[in-house]
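Each chain is listed here by its residues.
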Amino acid sequence: MTDLLYSDVEEDLRASVRDLLKAKATPEALLARVETAEGYDLKLWRTLADEVGVAGLAVPEELGGHGASAREVAVVAEELGRSVAPVPFLGSVVLATTALVRAGAGGFVRRLAAGSAIGALAVPLSTAPGAGFPSSVTVSADGKLSGRVGTVADASVADLLVVPAAGPDGPGLYVVEASAATVTELVSFDLTRRVADVVLDNAPAVLVASGPDAASALEEALLFGAGILASEQTGVAEWALTETVSYLKGRYQFGRPVGGFQSLKHRLANLYTDLVLARAAARYAADSLATGTDVPIAVSVAQARVSPIAVHATEEAIQLHGGIGMTWEHPAHLYLKRAKADELALGTPGKHRARLAELVNLPA
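This is a predicted model, so every value here is computed, not measured.

### Structural notes on helix α4 (residues 70–83)
When the terminal C-alpha atoms of α4 are compared, their 20 Å separation across 14 residues agrees well with the 20 Å that a helix rising 1.5 Å per residue should span. Across the 14 residues that make up α4, a large majority, 14, are buried.

This is how it looks when you write it as structure tokens:
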């Protein structure tokens with residue numbers, strides 16, 4: 001394990017992303033956007049992809065990326081969690097791009113790394129690492145795909161769909177142009193990250209990996225996604241604590257700041273210690289993904305620990321904000337919904353605890 005403290009490069013990256021999000025993803029703009037059918041802020045996404053370079057952050061330089069590690073990707077995810085910015089980072093950069101890099105699909109990777117295309121991994125967002133290769137999509141003798149995949153993250157804005165499919169010769173990983181599929185956006189609990197149903201009906205596809213290589217590419221993408229998601233959840237929890245402390249300092253009751261009451265100090269102190277634990281687990285997962293050391297264990301520890309912390313922190317934020325926290329006009333509800341949706345994404349804490357028990361040989 002290397003030093004888990006943030007490096008100067010990581011802090012510089014954080015500052016660039018945070019400054020952009022402060023200017024372009026304000027709470028007022030976010031609340032206005034989720035009231036519309038548009039949903040995603042693709043203008044912001046293009047800025048993140050082109051000017052900051054997040055689309056190709058962890059892509060090798062020979063494939064048109066920046067050659068960064070999972071640690072840098074995790075820093076970006078943390079900042080996006082702090083702002084719950086409605087951009088397709090998880091579906092495109094974290095899941096689809098990782099699967100294609102592992103599959104060796106250089107041409108498609110270049111499109112995603114350049115930001116000229118958005119990708120989505122066509123598996124249900126709830127799919128956990130270790131779940132096995134799905135069989136909801138099948139491939140015909142002429143190489144066309146048919147089937148349905150529900151609740152795919154970021155599919156409604158994707159240009160490329162990375163589709164695991166079961167063929168006569170075993171599992172395969174395919175790429176389908178989104179225009180060849182029927183993508184129906186669903187009513188999502190999380191208004192800042194949309195999910196959609198994807199239906200394929202003899203859709204033309206390009207095989208990029210088959211057999212064990214396809215299964216390995218999918219598993220690595222899911223592991224990478226679950227590990228990076230823990231950093232996003234840490235960002236969500238950090239926003240909840242920071243905003244709540246700021247609010248309680250400025251809210252007066254009985255002639256003194258509400259935050260000065262001992263019972264509320266205790267609750268805030270508990271949130272702070274939880275946040276420290278969450279960051280440690282998320283950073284360990286990111287570092288393990290970067291170094292390839294104990295990856296499944298680190299990812300499951302992070303998800304089992306960080307998911308409940310993010311949910312609890314956002315619940316406390318709403319309660320401690322009082323009446324204003326319950327209103328639609330305050331962004332707190334968006335953070336609670338993101339935290340709760342993330343708790344179900346890429347494996348619930350319970351699934352990760354069960355998998356962790358298997359990985360470290362704990363008895364059932």
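What follows continues from the structure just given.
### Some words on the packing of helix α9 (residues 295–320) against helix α11 (residues 349–359)
Across the interface, α9 lies against α11 with an axial gap of 8 Å and an inter-helix angle of 150°. Judged by the angle between their axes, α9 and α11 are roughly antiparallel. As α9 packs across α11, the resulting crossing turns out to be left-handed. Across the interface between the two elements, Pro296, Ile297, Val299, Ser300, Val301, Gln303, Ala304, Ser307 and Pro308 from α9 touch Pro349, His352, Arg353, Arg355, Leu356 and Leu359 from α11. Its residues assigned to classes, the contact of α9 with α11 shows nine nonpolar, four polar and two charged.

### As for the packing of helix α5 (residues 89–103) against helix α7 (residues 211–250)
Between α5 and α7, whose axes approach to 8 Å, the crossing angle comes to 145°. α7 is crossed by α5, and the crossing has right-handed handedness. In contact with Leu90, Val94, Leu95, Thr98, Ala99, Arg102 and Ala103 of α5, α7 contributes Ala217, Glu220, Ala221, Phe224, Gly225, Ile228 and Leu229.

### Observations regarding the pattern of salt bridges
It is possible for side chains of opposite charge to pair when their charged atoms get near one another. Applying the stated criterion across every chain yields a total of 23 salt bridges. Arg14 serves as the salt-bridge partner of Glu79, at 2.7 Å between the closest nitrogen and oxygen. Of this pair, Glu79 sits in helix α4 while Arg14 sits in helix α1 (residues 8–24); the two residues are 65 residues apart in sequence, bridging distant segments of the chain. Put simply, Arg18 and Glu79 hold a salt bridge, and the shortest N to O gap is 2.8 Å. With Arg18 in helix α1 and Glu79 in helix α4, the pair connects residues that are 61 residues apart, well separated along the chain. Connected through shared salt-bridge partners, Glu11, Arg14, Arg18, Glu78, Glu79, Arg82, Glu238 and Arg279 make up one network.

### Quick word on the layout of surface pockets
Its volume calculated, the largest pocket comes out at about 400 Å³. Considering the residues around the largest pocket, the lining is formed by 18 residues, among which Pro27, Arg82, Ser83, Trp239 and Tyr335 are closest to the centre. The set of elements that each furnish at least two residues to the lining of the largest pocket consists of α1, α2 (27–34), α4 and α7. Looking at the lining of the largest pocket element by element, the count peaks at four residues for α2. Looking at side-chain class alone, the lining of the largest pocket contains eight nonpolar, four polar and six charged residues.

### A closer look at unusual backbone geometry
Positive phi is not limited to glycine here, since Asp154 has a value of about 65°. In this fold, Asp154 is placed in the loop between β3 (144–153) and β4 (160–167). Residue Asp154 is classed as buried on the basis of its relative accessible area, which comes to 0%. Of note in this structure, Asn202 is not a glycine but carries a positive phi near 55°. Turning to its location among the elements, Asn202 is positioned in strand β7 (residues 195–204). With relative accessibility at 42%, the residue Asn202 sits in the partly exposed group.

### Brief notes about the environment of Arg148
Among the structural elements, Arg148 can be located in strand β3. For Arg148 and Pro134, which are 14 residues apart along the polypeptide, the C-alpha to C-alpha distance reads 11 Å. The residues contacting Arg148, other than those within four sequence positions of it, are Ser136, Val137, Asp197, Val198 and Val199. A distance of 2.8 Å separates the side chain of Arg148 from the side chain of Asp197, its partner in a polar contact.

### Let's talk about the side chain of Arg338
Within the secondary structure layout, Arg338 lies in helix α10 (residues 332–344). Among all residues touching Arg338, those that are not within four sequence positions of it are Val84, Ala85, Asp190, Thr192, Arg193, Glu232 and Val236.

### Remarks on the nonpolar core
Residues Trp45, Leu48, Phe89, Leu100, Leu121, Leu173 and Ile228 are the most contacted members of the largest nonpolar core, which totals 67 residues. No other element matches the ten residues that α7 contributes to this core. Ignoring any residue separated from it by four or fewer positions in sequence, one finds Leu173 in contact with Ala99, Ala103, Val162, Val163, Pro164, Val206, Leu207, Val208, Ala209, Ala214 and Ala217.

What counts, and at which threshold
Residues numbered from 1 in each chain as written. Predicted model: local features only at pLDDT ≥ 70, side-chain atom pairs only at ≥ 80, totals over all residues. Heavy atoms only, no water. Helix = DSSP H or I, 4+ residues; strand = E, 2+ residues; numbered from the N terminus. Expected span 1.5 Å × (residues − 1). Buried < 20%, exposed > 50% of the residue type's maximum accessible area, 1.4 Å probe, protein only. Axes fitted to C-alpha atoms, helices over the stretch in contact; angles between N-to-C directions. Parallel < 35°, antiparallel > 145°, perpendicular 65-115°, else oblique. Left-handed = near helix turned anticlockwise from the far one by under 90°. Contact = heavy atoms within 4.5 Å. Nonpolar A, V, L, I, M, F, W, Y, C, P; charged D, E, K, R; others polar. Salt bridge = Lys/Arg side-chain N within 4 Å of Asp/Glu carboxyl O. 1 Å grid on protein atoms, 1.4 Å probe; cavity = no way out; pocket = protein on both sides within 12 Å on 5 of 7 lines; lining within 4 Å. Points joined across faces, edges and corners; volume = space filled by probe spheres on them. Polar contact = N/O pair within 3.5 Å; in protein donor to acceptor, adjacent residues only side chain to side chain. Core = buried A, V, L, I, M, F, W, Y, C linked by side-chain atoms within 4.5 Å.

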